[in-house]
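Commentary on secondary and tertiary structure
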Amino acid sequence: MLRSIIGRRSFHSAGARYIQAGDRLPSVQVQRKSPADVVNVRELFENANKAVLFGVPGAFTPGCSKTHLPGYIKKAEELKKKNVDLIACVSHNDAFVMNAWGDSVQNNDAVSLLADFKGELAEALDLSFDATGALGNRRYKRFAAIIEKGVVKQLFVEPDNTGLNVSLVENVEKHL
Ligand code: BEZ
């Protein structure tokens, strides 16, 4: 049903990843600073000439807190020099958790934290996996995407869902 939100590509072969290079981001709402501060992901990214979006299994998990998010925070200025005008991180968590997480790693708005509080974006992108055993529900596969004016140009998804390789800033910056 959520795929009808996207309004693009009415079919795809079984097992194919929905979001791919060439696709527009779906029109789905996420939270930013609070539950009242919502933004449409498609509109947000269409207003950025070049953006990097990365997704993580969860705020405060070890890999996300020690490596994934801090890597993008440290290199935010370098990415801006490569004309990236939006760096965003999305997780299936609420805005309060996302912002407490950002504070814990001194994000200082270097990375825009997007709270996919209902997991709708993850489902629309087809980038979630069953993390029930560790985190209680479906969560984002760890991924990163280079996006220009709301269209995905390159997508890097960790093949094992949670690894810290292709979605890290050190890899993504090579492709900018
Ligand atoms: C992590 O360390 O990032 C992680 C831990 C458990 C489940 C998923 C991710």
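All values derive from a computational prediction rather than experimental measurement.

As for the site of the ligand
Taken together, P57, T61, P62, G63, C64, L135, R142 and T162 make up the full set of residues near the ligand. In the model, an oxygen atom of the ligand is placed 2.8 Å from a nitrogen or oxygen of the G63 main chain. About the coverage of the ligand: the protein hides 74% of its 260 Å² of free accessible area. Sorting elements by how many residues they give to the shell around the ligand places helix 3 (residues 62–74) first, with three residues. The residue makeup of the shell around the ligand, split by class, is four nonpolar, three polar and one charged.

Looking at the packing of aromatic side chains
Taken as a whole and judged by the stated rule, the model has two aromatic pairs. Centroid distance F54 to Y72: 3.9 Å. Interplanar angle 10°. Geometry classified as stacked. Highlighted residues: F54 in strand 3 (residues 51–55) and Y72 in helix 3, separated in sequence by 18 residues. The burial state of F54 is the same as that of Y72; both residues are buried.

Brief notes about helix 3
Over its 13 residues, helix 3 runs 17 Å from end to end, which matches the ideal 18 Å to within 8%, given 1.5 Å per residue. Taken residue by residue, helix 3 has G63, C64, S65, H68, L69, P70, G71, Y72 and I73 as its buried positions.

Criteria and thresholds
- Residues numbered from 1 in each chain as written.
- Predicted model: local features only at pLDDT ≥ 70, side-chain atom pairs only at ≥ 80, totals over all residues.
- Heavy atoms only, no water.
- Near = heavy atom within 4 Å.
- Polar contact = N/O pair within 3.5 Å; in protein donor to acceptor, adjacent residues only side chain to side chain.
- Areas by Shrake-Rupley, 256 points an atom, 1.4 Å probe, with all protein chains shown as cover.
- Helix = DSSP H or I, 4+ residues; strand = E, 2+ residues; numbered from the N terminus.
- Nonpolar A, V, L, I, M, F, W, Y, C, P; charged D, E, K, R; others polar.
- Phe/Tyr/Trp six-rings, centres within 6.5 Å; stacked < 30°, edge-to-face > 60°.
- Buried < 20%, exposed > 50% of the residue type's maximum accessible area, 1.4 Å probe, protein only.
- Expected span 1.5 Å × (residues − 1).

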